[in-house]
Amino acid sequence: MKSSRTLGLVMIAPAAIMIVLFFLLPVVLTAVFSMTNMTTATGISGGVYQIAPNSLITLKSAMPDIAAEISEPRYAIDEAGLKSVEGLGLSPGIAGELRAKHTGEVFATRRDAERMIKDLSERPSTRDVKQISEQFNRSVVNTRFDSKEQLFSALDTLGLKLTPEQKETVATATYTGWTWTTDNFSRLATSPDMARVLLNTALYVAMVLMLFNVGYALLLAIWTHYMPPGPASIFRGIWLLPRITPVVIYVLLWKWLAWDSGFISILMGKFGYPPKNYLLDTAYNAWFFVVLINGFIGASMGMLVFSSAMKAIPKSQFYASEVDGASRWQQIRYIILPQMRWPILFVTCYQTLSLLASFNEILLATNGGPGNSTEVWALAAYHTALRNYAGNLEYGLGAAMALVLVVIGVTLSLLYLRVFNYGTLVAKPLIED
């Protein structure tokens, strides 16, 4: 018994490793990233402290006086500036007197610094005064600091004495790296654009699922069930073409059908209608084609599952019903449909999760257009985190959107199990009691 248990653990270990690496770990990492503000601007590693124009705008709203002082250059008499003065080729006494009498002094304006330089014993000319003062021009704007300590040291050198609270405000505003935050979920909850995308997703999943992935697939399975085996196999094979065709070629065929130079425009041109792009001219047309494109792919899988389930129904039930005079509709209603609860549950759960996460066909067909009217949640997450027109990819926000899809998928799966009464589907047969 012990050896059998060990052998079972060894055999299941590869599957367990695959589940951890390719399912659990990505979900955990998505959850971690969703709690950050990672973007292209922040990068995925630690950032630096930089007083850039955008951080100055942030500081002006919190500390206008401090922001004004930081944005203005200061003139500090330091050793680096003194060496630069010595390199100007002026009188050696100028640098010597500055080093002896004014080292460490900081002047708020250039005028104050030049007034001090004019009062030196050497009495430099106006042109030399401007050259000398420029060597002591110091500013922290657009300077990169690796740590808060370096930033605060530079501010102290320029005579900017800040309180601990002010330092933390400056550090927060000037940090260019990512930080831990829950703002992503607040943005998702309050953004009207996200509400519209969520509504688009619900519409997309409901229409494709009910009309094609379950409804039309069940209808196809019933049709082929009553067809002779040969024609039924050919019919099922034809319906498999959308699923086995590469998605790029499949969508291109639809575009050829709907483009302004496609089949529909050529056909409508025979009746005097000008050519137009039926795929993207209106939101209604775009949704019509999006549902058809995805529906034909999903219907093929549902058809196969339902057809296999119908073949498992004992033929004796159909023979007995025919003897009793049952019509085809009565066979469907009282024999087929009651025994299709488990296949319908499986197809509904699987296809719901698939539709929530898939966006390839919409990306290739409409890219969420026209005017983001066909933008669904998964496509919006892709645009947010990996490809957008603004150029600043928001990894954290995209991860938060993906995590919302995981939560919605799990919630809907549990709801389906409840609606279809999963407990009775897996209960022991009464004959075994």
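The rules we used
- Residues numbered from 1 in each chain as written.
- Predicted model: local features only at pLDDT ≥ 70, side-chain atom pairs only at ≥ 80, totals over all residues.
- Heavy atoms only, no water.
- Core = buried A, V, L, I, M, F, W, Y, C linked by side-chain atoms within 4.5 Å.
- Buried < 20%, exposed > 50% of the residue type's maximum accessible area, 1.4 Å probe, protein only.
- Helix = DSSP H or I, 4+ residues; strand = E, 2+ residues; numbered from the N terminus.
- Contact = heavy atoms within 4.5 Å.
- UniProt positions renumbered as here; feature names shortened; annotations may be inferred.
- Arc of directions from axis to C-beta.
- Axes fitted to C-alpha atoms, helices over the stretch in contact; angles between N-to-C directions.
- Parallel < 35°, antiparallel > 145°, perpendicular 65-115°, else oblique.
- Left-handed = near helix turned anticlockwise from the far one by under 90°.
- Salt bridge = Lys/Arg side-chain N within 4 Å of Asp/Glu carboxyl O.
- Phe/Tyr/Trp six-rings, centres within 6.5 Å; stacked < 30°, edge-to-face > 60°.
- Nonpolar A, V, L, I, M, F, W, Y, C, P; charged D, E, K, R; others polar.

**Student:** Mind showing me how you'd approach the nonpolar core here?
**Tutor:** Soluble globular proteins tend to pack their nonpolar side chains together in the buried interior. The biggest cluster of nonpolar side chains holds 62 residues, and the ones touching the most others in it are Tyr 204, Phe 306, Met 310 and Met 340. Every element with two or more residues in this core is listed here: helix 11 (192-225), helix 14 (247-258), helix 16 (283-311), helix 18 (328-336), helix 19 (341-357), helix 20 (360-365), helix 21 (377-385) and helix 22 (395-419). When residues of this core are assigned to their parent elements, the largest contribution, 13 residues, is made by helix 11. The contact partners of Tyr 204, leaving out residues within four places of it in the chain, are Trp 287, Val 290, Asn 294, Leu 355, Ser 358, Ile 362 and Val 376.

**Student:** For this particular structure, what's the right way to read the UniProt feature "transmembrane region" (unreviewed entry) in the protein chain?
**Tutor:** Residues annotated in UniProt with the feature "transmembrane region" (unreviewed entry) correspond here to residues 7-33, 202-226, 247-266, 286-306, 342-359 and 395-417. Note that residues 247-266 is 80% helix and 0% strand, and that its end C-alpha atoms are spaced 25 Å apart. The distance separating the terminal C-alpha atoms of residues 342-359 is 27 Å; by composition the span is 89% helix and 0% strand.

**Student:** Any chance you could explain helix 5 (residues 92-101) here in plain terms?
**Tutor:** Working note: α-helix, 3.6 residues per turn, so residues spaced by three or four point in the same direction. For helix 5, every residue scored as buried is listed here: Ile 94, Ala 95, Glu 97 and Leu 98. Seen from one end, helix 5 has its buried residues packed into an arc of 165°, which puts them on one side. Residues of helix 5 that are exposed and point over 90 degrees away from its buried face: Pro 92 and Ala 100. Packing partners of the buried residues in helix 5 comprise helix 4 (79-86), helix 6 (110-118) and helix 7 (126-134).

**Student:** Just checking my understanding: could you explain the packing of helix 19 against helix 22 for this structure?
**Tutor:** Two measures define how a pair of helices packs: the angle their axes make with one another and the distance between the axes. Orientation of helix 19 relative to helix 22, taken along the N-to-C sense of each, is 170°, at an axis distance of 10 Å. One finds that helix 19 runs roughly antiparallel with respect to helix 22. Our pair here, helix 19 against helix 22, has a crossing hand that is right-handed. In this structure, helix 19 contributes Leu 345, Thr 348, Cys 349, Thr 352, Leu 353 and Leu 356 to the contact, and helix 22 contributes Leu 405, Ile 408, Gly 409, Leu 412, Ser 413, Tyr 416 and Leu 417.

**Student:** Please clarify how the pattern of salt bridges should be interpreted in this entry.
**Tutor:** Two side chains of opposite charge can pair, provided their charged atoms sit close to one another. One pass over the structure, following the stated rule, counts 13 salt bridges. When the shortest N-O distance is used, the salt bridge between Lys 276 and Asp 281 registers 3.2 Å. Within this structure, Arg 110, Glu 114, Lys 130 and Glu 134 form a network of salt bridges that share partners.

**Student:** Which parts of the structure should I look at to understand the packing of aromatic side chains?
**Tutor:** We describe a pair of aromatic rings using the distance from one ring centre to the other and the angle between the two ring planes. According to the stated counting rule, one finds 14 aromatic pairs in the structure shown. Where Tyr 49 meets Tyr 175, the ring centres are 5.0 Å apart and the plane angle is 45°; that geometry is what we call tilted. Here Tyr 175 lies in the loop between helix 9 (164-174) and helix 10 (183-190) and Tyr 49 lies in strand 1 (residues 49-50), a separation of 126 residues in the sequence. When its relative accessible area of 13% is taken as the criterion, Tyr 49 is described as buried. Ring plane angle 75° and centroid distance 6.2 Å describe the contact between Trp 254 and Phe 289, whose orientation is recorded as edge-to-face. With Trp 254 in helix 14 and Phe 289 in helix 16, this residue pair connects regions lying 35 residues apart in the sequence. Taken as a pair, Trp 254 and Phe 289 share a single burial class, namely buried. What links up through ring pairs into an aromatic cluster is the set Phe 212, Tyr 216, Trp 223, Trp 239, Tyr 250, Trp 254, Phe 288, Phe 289 and Phe 296.

**Student:** In this structure, what is going on with the packing of helix 17 (residues 315-323) against helix 18? I would like to understand it.
**Tutor:** Where helix 17 meets helix 18, the closest approach of the two axes is 11 Å, and the angle between their N-to-C directions is 135°. In terms of orientation, helix 17 and helix 18 fall into the oblique class. Helix-helix and strand crossings are classified by hand; for helix 17 and helix 18 the assignment is right-handed. In this structure, helix 17 contributes Gln 317, Phe 318, Ser 321 and Glu 322 to the contact, and helix 18 contributes Gln 331, Ile 335 and Ile 336. In the contact of helix 17 with helix 18, the residues fall into three nonpolar, three polar and one charged.

**Student:** Just to check I follow, could you spell out unusual backbone geometry for this structure?
**Tutor:** Note: most residues except glycine have negative phi, and most peptide bonds are trans. Between Gly 369 and the following residue, Pro 370, the backbone shows a cis peptide bond with an omega angle of -5°. Here Pro 370 shows up in the loop between helix 20 and helix 21. Positive phi is not limited to glycine here, since Arg 123 has a value of about 55°. Considering the arrangement of structural elements, one finds Arg 123 in the loop between helix 6 and helix 7. A positive phi angle, near 55°, is found at Asn 367, a position not held by glycine. Relative to the helices and strands, Asn 367 is located in the loop between helix 20 and helix 21.

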